[in-house]
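One-letter residues, chain by chain:
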Amino acid sequence: MNALQKINRTSFSHKHLIGIEDLSKDEITMILDLADYYADRLDDREFKPDILKGAIILTLFFEDSTRTRTSFEFAAKRLGADVVNMDVRTSSANKGESLLDTIQTLNSMLRPDGIVIRHEEYGAPQFVSQTVPCPVINAGDSWHEHPTQALLDALTIRRRLGNIEELRIAMIGDIAHSRVANSNMHIFSKLGAYINVIAPEVLLPEKFPVQDVRTFSSLEEGLKDVDIVISDRIYKERMEHSPIKSESEYFQTYGITHEKLAHAKPDALLMAPGPIIRGVQLSDEIADDPDRSLILEQVRNGVPTRMAVMDILLKGKF
Ligand code: CP
């Protein structure tokens, strides 16, 4: 029996994927086990399980995206679904149409079986999930959650190191405005890792979503005994004025380089959700070092992770 047959999808208790906060450890593990199975087969062009044959997946990105949107589309197509990408930049949302009217219009026209949505408003995916009959997947809302990014990050660590429990993971950068950091804190905490946050005071949130997060303003202190270093960029699009006066000073203090990574464990690995800002959050040399950087593995693991999420939420309906 393979992972596709072994997964007990009925024990996944959610219709939608809005946030990691809502998931149990077992549900996260179910997604990662299935994602692992799909990841092993990603290079096999003949592997097309057709689990979603006949399904219509609508992607709605109200914010820019390279990785998330493309990987959702590719993942849905690998599972046999038809994908409709709505281009919000040329849509009637620009004429003042409300989110509710846009959703009701597209729902009436397409009758989608699943909606993937990214929106700059905190809570927009949850709002949409209450207005449509089909599963809704959050592809990132404001600084709230980016659940599939956290899942693909966990998959990347699990595939490289075998386990997440008891690892020490440091997150560096603009934690205050990062939906990725928020979702990562939920997933790593549920999977039993220890969390360090390293940031200047102005980039720290008022409170963390989970207990027992250790905070540091000194990168040297915060990287001690760390296995995984996750660099978050500064989310300028989510603030009126950047609190960082000088990007070159920020890079001197918080930018990840080989020299700074040496403060962590000798074999510590670098991750970043992307897009990465070279020369501000990390150096070219560390970003492109295949022995230390998992950035491209993260991107690659986005496809099987999103295949697993859509499989679990939608299989059985076709
Ligand atoms: N990490 C991430 O969400 O990338 P995109 O903004 O390119 O989707």
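Owing to the predicted nature of the structure, the values given are computational and were not obtained by experimental measurement. (Residues numbered from 1 in each chain as written. Predicted model: local features only at pLDDT ≥ 70, side-chain atom pairs only at ≥ 80, totals over all residues. Heavy atoms only, no water.)

**Student:** So what's going on with the overall build of the chain? Which residues, and what values?
**Tutor:** Scanning the chain for helices and strands turns up twelve helices and nine strands. Relative to the 2.2 N^0.38 estimate, which gives 20 Å for 318 residues, the radius of gyration of the chain is 19 Å and therefore close to what a compact globule would have. Each principal axis of the C-alpha atoms in the chain carries an extent, and together these give about 55 × 50 × 35 Å. Taking all 318 residues of the chain together, the buried fraction comes to 57%. When contacts within the chain are restricted to residue pairs at least 6 apart in sequence, those whose partners lie at least 24 apart make up 75%. About 14,400 Å² of surface is accessible on the chain, with carbon and sulfur atoms providing 46% of the total. The centroid of the 37 positive side-chain charges in the chain is displaced by 5 Å from the centroid of its 48 negative side-chain charges. (Helix = DSSP H or I, 4+ residues; strand = E, 2+ residues; numbered from the N terminus. Rg over C-alpha atoms; globule rule 2.2 N^0.38 Å. Buried < 20%, exposed > 50% of the residue type's maximum accessible area, 1.4 Å probe, protein only. Contact = heavy atoms within 4.5 Å. Areas by Shrake-Rupley, 256 points an atom, 1.4 Å probe, with all protein chains shown as cover. Lys, Arg positive; Asp, Glu negative; His and termini not counted. Charge placed at Lys NZ, Arg CZ, Asp CG, Glu CD.)

**Student:** Outline the domain arrangement of the chain, supporting the account with residue identities and numerical values.
**Tutor:** Domain annotation of the chain identifies domain 1 (3–146 + 299–314) and domain 2 (148–295). On a C-alpha basis, the centroid separation for the pair domain 1 and domain 2 is 25 Å. For the pair domain 1 and domain 2, the summed buried surface comes to about 2,700 Å²; carbon and sulfur atoms form 56% of the total. For domain 1, the biggest contributors to the area lost against domain 2 are Leu 32, Trp 143 and His 146; these three give 26% of the whole. Seen at the junction of domain 1 and domain 2, the total is 17 residue pairs in polar contact (both at pLDDT 80 or more). For the side of domain 1 that touches domain 2, the secondary-structure elements that each account for two or more residues are helix H2 (25–40), helix H3 (67–78), strand S3 (114–119), strand S4 (136–141) and helix H12 (295–314). Tallying contributions element by element places H2 first for the side of domain 1 that touches domain 2, with ten residues. Taken together, the residues of the side of domain 1 that touches domain 2 break down into 14 nonpolar, nine polar and eleven charged. (Domains from an automatic or database assignment. Buried area = accessible area lost by both parts, 1.4 Å probe. Polar contact = N/O pair within 3.5 Å; in protein donor to acceptor, adjacent residues only side chain to side chain. Nonpolar A, V, L, I, M, F, W, Y, C, P; charged D, E, K, R; others polar.)

**Student:** Describe the pairing of strand S2 (residues 82–86), with residues and values.
**Tutor:** Across five bridges, the pairing between strand S1 (residues 56–61) and S2 is parallel. Residue pairing across strands places Leu 60 opposite Met 86, the latter belonging to S2. Following the backbone out of S1, through H3 and into the adjacent parallel S2, one traces a crossover that is right-handed. (Pairing = 2+ DSSP bridges. Right-handed = clockwise from strand over helix to strand, strands pointing away.)

**Student:** Provide a residue-level description of the side chain of Arg 168, including the pertinent values.
**Tutor:** Here Arg 168 shows up in strand S5 (residues 168–173). Within the buried core, Arg 168 has no salt-bridge partner, and the shortest N-O distance to an opposite charge, that of Asp 225, equals 6.4 Å. Side-chain polar atoms of Arg 168 contact the side chain of Asn 196, separated by 2.6 Å. Residues within four places of Arg 168 in sequence aside, it is in contact with Tyr 194, Ile 195, Asn 196, Arg 214, Lys 224, Asp 225, Val 226, Asp 227 and Ile 228. (Salt bridge = Lys/Arg side-chain N within 4 Å of Asp/Glu carboxyl O.)

**Student:** Residues and numbers for the sheet that holds strand S8 (residues 228–232), please.
**Tutor:** Sheet strands associate in pairs through backbone hydrogen bonding, adopting either a parallel or an antiparallel arrangement. Taken together, five strands build an open sheet; the order of strands is S7-S6-S5-S8-S9 and the sheet is parallel. Looking along the sheet, the strands with just one partner apiece sit at the ends: strand S7 (213–216) and strand S9 (269–271). Across the sheet, the mean angle separating the axes of adjacent strands is 25° when strand polarity is ignored. Summarising the sheet, S5 and strand S6 (residues 194–198) pair through five bridges and their orientation is parallel. Following the sheet pairing, Ile 169 is matched in S6 by Ile 195. Across the sheet, helix H6 (residues 147–161) is in contact with S5, S8 and S9; its angle to S9 comes to roughly 160°. (Axes fitted to C-alpha atoms, helices over the stretch in contact; angles between N-to-C directions.)

**Student:** Can you tell me about the site of the ligand, naming the residues and giving the values?
**Tutor:** Neighbouring the ligand are Asp 64, Ser 65, Thr 66, Arg 67, Thr 68, Arg 118, His 146, Gln 149, Pro 273 and Gly 274. Between the ligand and Arg 67 there is a distance of 2.9 Å, counted from an oxygen atom to a backbone nitrogen or oxygen. Contact with the protein chains hides 92% of the accessible area of the ligand, taken as 260 Å² for the molecule alone. For the shell around the ligand, the residue count by class is one nonpolar, six polar and three charged. If you count residues domain by domain, the shell around the ligand takes at least three from each of domain 1 (3–146 + 299–314) and domain 2 (148–295). (Near = heavy atom within 4 Å.)

**Student:** Please give an account of helix H7 (residues 179–190) that cites residues and values.
**Tutor:** For H7, which comprises twelve residues, the first-to-last C-alpha distance of 17 Å matches the rise-based estimate of 16 Å (1.5 Å per residue) to within 8%. The buried fraction of H7 is high, at ten of twelve residues. Buried within H7 we find Arg 179, Val 180, Ala 181, Asn 182, Ser 183, Asn 184, Met 185, His 186, Ile 187 and Phe 188. Where H7 begins, the side chain of Ser 178 points an oxygen toward the backbone nitrogen of Val 180, at a separation of 3.3 Å. Where H7 terminates, the next one or two residues include Gly 192, which has phi positive at roughly 90°. (Expected span 1.5 Å × (residues − 1).)

**Student:** Any chance you could break down the environment of Ser 13 for me, citing the residues and the numbers?
**Tutor:** Inspection of the secondary structure assignment puts Ser 13 in the loop between helix H1 (3–6) and H2. Overall, the relative accessible area of 57% leaves Ser 13 in the exposed class. Sequence-wise, Ser 13 and Glu 27 are 14 residues apart; in three dimensions their C-alpha atoms are separated by 8.3 Å. Within the structure, Ser 13 has its side chain in polar contact with the side chain of His 14 (distance 3.4 Å). A distance of 2.8 Å separates the side chain of Ser 13 from the side chain of Glu 27, its partner in a polar contact.

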